[in-house]
Amino acid sequence: RKCEITENMNAKELHDQLAVLGADLLHVELMDHLRGNLAAIPQDHTKATYAKKIEKTESELKWTDSASQLHNKVRAFVMGPGTWTMFAGKKIKIHKTQISSVAVSTNKSGQIMSISDQALVVATGSGALEILELQPESRTRMTVADFLKGNSLKEGDLFG
């Protein structure tokens, strides 16, 4: 079976799509196997790889990484452990991002380049990242518009 993985699809969305495909696959292919219409193929252990456990320390966003790397980390860690950064001495979880088409006008990674109700555009090691949803320490998940109601930010402020 195949499914398309879009640029903004996160791990939970992929999981849910694969669950539907997997259930269908199990229903159809398992029945064929039980009827003797399919033969098992042994796994080639020389091609198998091991995925190590994700450590919590890996979930911190390093703004010197590229916008693409940071966006992919946010998408990958959405089911756990999540991603975070520091701002004004407090931890902020980052829940949803997208790669920005805005040209980076600073050489300072983690610097807020622009602010709108839809997104905070932040400079990275390569390119810019738009933060769309975040969660301040001891608060609930929120959009940038809601975050801005209780926090004064200005262009030039730094994450990290």
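Predicted model, so just to flag it, every value in this text is computed and none were measured. (Residues numbered from 1 in each chain as written. Predicted model: local features only at pLDDT ≥ 70, side-chain atom pairs only at ≥ 80, totals over all residues. Heavy atoms only, no water.)

A. Inspection of the pairing of strand β1 (residues 83-87) at higher detail. β1 sits mainly inside the fold: four of its five residues count as buried. Pairing of β1 with strand β2 (residues 90-100), which is carried by five bridges, proceeds in the antiparallel orientation. Bridge assignment links Met 86 to a residue of β2, and that residue is Lys 91. In sequence, β1 turns back onto β2 through a hairpin of two residues, with Ala 88 there showing a positive phi of about 55°. (Buried < 20%, exposed > 50% of the residue type's maximum accessible area, 1.4 Å probe, protein only. Helix = DSSP H or I, 4+ residues; strand = E, 2+ residues; numbered from the N terminus. Pairing = 2+ DSSP bridges.)

B. Just the packing of aromatic side chains, in detail. Overall, the coordinates contain two aromatic pairs when judged by the stated rule. With a centroid separation of 5.9 Å and 35° between ring planes, the pair formed by Trp 63 and Phe 159 is classed as tilted. Linking Trp 63 in the loop between α1 (11-34) and α2 (67-76) with Phe 159 in the segment after α3 (144-150), this pair joins segments that are 96 residues apart in sequence. Here Trp 63 matches Phe 159 in class, with each residue buried. Between Phe 87 and Phe 159 the ring centres are 5.0 Å apart and the planes differ by 45°, which places this aromatic pair in the tilted class. With Phe 87 in strand β1 and Phe 159 in the segment after α3, the pair connects residues that are 72 residues apart, well separated along the chain. Each member of the pair Phe 87 and Phe 159 is classed as buried. Ring pairing ties together the aromatic residues Trp 63, Phe 87 and Phe 159, which thus form one cluster. A cation sits over an aromatic face here: Lys 91 above Trp 84, 4.4 Å from the ring centre. (Phe/Tyr/Trp six-rings, centres within 6.5 Å; stacked < 30°, edge-to-face > 60°. Lys NZ or Arg CZ within 6 Å of the ring centre and 35° of its normal.)

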